[in-house]
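Remarks on the overall topology
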Amino acid sequence: MTVAVIGGGIGGLAVAAAVARRGAGVTLFEQAPELTEIGAGIQITPNGGRVLDALGLADEAARRGIAAEAVEPMDGLTGKPVARFDLTGLEGPPYRFFHRSDLIDMLAGAARAAGVEIRLGARIAEVAPDGSFAVDGETVRPDLTVGADGIRSVVRPVLNGADTPFFTGQVAWRAVVAAEAPPAARIWMAPGQHVVSYPLPGGRVNLVAVQERREWTEEGWHHAADPGDLRHAFRHFSGRVRGLLSHVDRVRVWGLFRHPVAGTWARDGLALLGDAAHPTLPFLAQGANLALEDAWCLARAWEEDRLDGYGADRAPRVRRAVAAAEANARNYHLRGPARLAGLGAVKAVGLLAPRRFLARLDWLYGHDVTA
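Attention here is on the structure that accompanies the text. (Residues numbered from 1 in each chain as written. Predicted model: local features only at pLDDT ≥ 70, side-chain atom pairs only at ≥ 80, totals over all residues. Heavy atoms only, no water.)

Side note on the overall build of the protein
- Looking only at helices and strands, the protein has twelve helices and 19 strands in total.
- For the protein, the C-alpha atoms occupy an extent of roughly 60 × 40 × 35 Å along the three principal directions.
- Burial status across the protein gives 54% buried among its 371 residues.
- In the protein, the proportion of contacts linking residues at least 24 apart, taken out of those at least 6 apart, comes to 77%.
- For the protein, the exposed area adds up to about 15,800 Å²; of that, 50% sits on carbon and sulfur atoms.
- Averaging the coordinates of the 41 positive side-chain charges in the protein and doing the same for the 41 negative ones gives two points 9 Å apart. (Helix = DSSP H or I, 4+ residues; strand = E, 2+ residues; numbered from the N terminus. Buried < 20%, exposed > 50% of the residue type's maximum accessible area, 1.4 Å probe, protein only. Contact = heavy atoms within 4.5 Å. Areas by Shrake-Rupley, 256 points an atom, 1.4 Å probe, with all protein chains shown as cover. Lys, Arg positive; Asp, Glu negative; His and termini not counted. Charge placed at Lys NZ, Arg CZ, Asp CG, Glu CD.)

Shown next, in the form of structure tokens:
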């Protein structure tokens, strides 16, 4: 059996490795001239970490990632901590922070070790209903074509028709700065805005800053922005946040759009995973983790010759995660009396029942698609 994977991101590399380890001849096609990521961090929670372990990357993940000790909701205006929720007691692999380029490098190594051929600079403009496509003047006819090609997927419309994403009224910036930070994910909350910060290897801190806006910004990750605009947009935050933003010399901005979860994930030699199937807002740190889960589940469904059940198995969990991310977006940006009540409730949970916070996320972090 031959499998073609379109897209060399986290989900594409993971599914290529997982399917190749099950005996398929796999070629991965990536349009970029090299496998790389513009500087940014990523959070891999235990559910995604289990897939890395199953791909033989446990030791490398421990070496190249930073184990998170806590999630810390913060008052973005005063800079004071609201609560601290311990992550060290989670079952399974630790909750870890990675630089995206390190994670891509790890997965590419696993794919190559499994025998995957990686073809770079391979731009695919269109995929036929039978899964065939043209690239570099050659027609490729694999037994299975996997669309791991993100929000602008060329495979998704073949299975689902065109869809129109809608702007969520939020834009986000991301940057990496040279700074020290404790091993915790901090969520700095303010009216209509929030900033997430966490450490990366090499004495760096990853920043994602989100602001509610009426105007639309083009969808996508790689739009350069002016660091001064970022600092101005978050000028009302505490000195601790402004201090981090003062170190930003390069920043990317993107508009947050919502796409519906795909109705059809696989059919007639075609399949989807990750953002191609279910773009997810970045308020639960699950985009990459869900893609890793998809990769493992798709590989298993292929091996068991039940691709028609792959989407039905995955969709309920993905929809729950998407809804939880949207709820976080609202909770981080509360205003007026609702904000004071929300901060008070989080503080009370942190003081009186800190384990309740993690218990509410056991459906997410405790899930093991590799079992």
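A short note on the nonpolar core
- Ranked by size, the top nonpolar core spans 71 residues in total, and within it Val 3, Val 5, Val 26, Leu 55, Leu 107 and Phe 133 carry the most contacts.
- When residues no more than four places from it in sequence are discounted, the contact partners of Leu 107 are Ile 10, Leu 13, Ala 14, Leu 52, Leu 55, Leu 57 and Leu 292.
- One finds Ala 68, Leu 87, Leu 200 and Leu 290 within the second-largest nonpolar core, a separate group that totals 30 residues. (Core = buried A, V, L, I, M, F, W, Y, C linked by side-chain atoms within 4.5 Å.)

Some words on the packing of helix H8 (residues 287–303) against helix H9 (residues 310–332)
- One can describe the packing of H8 onto H9 by two numbers: an axis separation of 10 Å at closest approach and a directional angle of 165°. If you check the angle between H8 and H9, you find them roughly antiparallel. Once H8 is placed against H9, the crossing between them reads as right-handed. Note on element contacts: H9 touches H8 through Tyr 310, Arg 314, Arg 317, Val 318 and Ala 321, opposite Leu 290, Glu 293, Asp 294, Cys 297, Leu 298 and Ala 301.
- Of the residues in the contact of H8 with H9, the class split is seven nonpolar, no polar and four charged. (Axes fitted to C-alpha atoms, helices over the stretch in contact; angles between N-to-C directions. Parallel < 35°, antiparallel > 145°, perpendicular 65-115°, else oblique. Left-handed = near helix turned anticlockwise from the far one by under 90°. Nonpolar A, V, L, I, M, F, W, Y, C, P; charged D, E, K, R; others polar.)

Some points on the sheet that holds strand E17 (residues 251–258)
- In space, the eight strands of this open sheet follow the order E6-E5-E13-E14-E15-E12-E17-E16, with mixed pairing throughout. Looking along the sheet, the strands with just one partner apiece sit at the ends: strand E6 (85–86) and strand E16 (223–225).
- With five bridges connecting them, strand E13 (residues 184–190) and strand E14 (residues 193–200) associate as antiparallel partners. Following the sheet pairing, Trp 188 is matched in E14 by Val 195. (Pairing = 2+ DSSP bridges.)

Regarding the packing of aromatic side chains
- The full count for this structure, using the stated rule, is nine aromatic pairs.
- Ring centres of Phe 167 and Phe 257 lie 5.4 Å apart, and the angle between their planes is 50°; this geometry places the pair in the tilted category. In this pair, Phe 167 sits in strand E12 (residues 166–178) while Phe 257 sits in strand E17, placing the two residues 90 residues apart along the sequence. The exposure classification of Phe 167 matches that of Phe 257, with both residues buried.
- Note that Arg 22 overlies the ring of Trp 296, its terminal NZ or CZ placed 4.5 Å from the centroid.
- One cation-aromatic arrangement involves Arg 320 over Trp 363; the distance from NZ or CZ to the ring centre is 4.1 Å. (Phe/Tyr/Trp six-rings, centres within 6.5 Å; stacked < 30°, edge-to-face > 60°. Lys NZ or Arg CZ within 6 Å of the ring centre and 35° of its normal.)

A short note on the side chain of Arg 300
- Locating Arg 300 in the fold gives a position in helix H8.
- Setting aside chain neighbours within four positions, we find Arg 300 in contact with Arg 22, Arg 306, Val 369, Thr 370 and Ala 371.

A short note on helix H10 (residues 336–352)
- With 17 residues, H10 should cover 24 Å at 1.5 Å per step; its first-to-last C-alpha distance of 25 Å lies within 8% of that length.
- When H10 is considered as a whole, its buried residues turn out to be Arg 339, Leu 343 and Gly 350. All buried residues of H10 fall inside an arc of 30° around its axis, so they share one side. Among the exposed residues of H10, those pointing more than 90 degrees away from its buried face are Pro 337 and Leu 352.
- Buried residues belonging to H10 abut strand E5 (70–75), E6, E13 and helix H11 (354–359). (Expected span 1.5 Å × (residues − 1). Arc of directions from axis to C-beta.)

Some remarks on the pattern of salt bridges
- According to the stated counting rule, one finds 21 salt bridges in the structure shown.
- A salt bridge links Glu 72 to Arg 186; the shortest N-O distance between them is 2.7 Å. With Glu 72 in strand E5 and Arg 186 in strand E13, the pair connects residues that are 114 residues apart, well separated along the chain.
- For Arg 186, a relative accessible area of 17% puts it in the buried group.
- Between Glu 293 and Arg 314 there is a salt bridge; the shortest N-O distance is 2.9 Å. Taken together, the residues Glu 293 in helix H8 and Arg 314 in helix H9 connect sequence positions 21 residues apart. Of the two residues, Glu 293 and Arg 314, neither departs from the other in class, the shared state being buried. (Salt bridge = Lys/Arg side-chain N within 4 Å of Asp/Glu carboxyl O.)

A word on the sheet that holds strand E1 (residues 2–6)
- Taken in spatial order, the six strands make up an open sheet running E8-E2-E1-E11-E19-E18, and their pairing is mixed. With partners counted over all chains shown, the strands left at the sheet margins are strand E8 (117–120) and strand E18 (266–267), one partner each.
- Bridging between E1 and strand E11 (residues 144–147) involves four bridges; their strand directions are parallel. Note on E11: the bridge partner recorded for Ala 4 is Thr 145.

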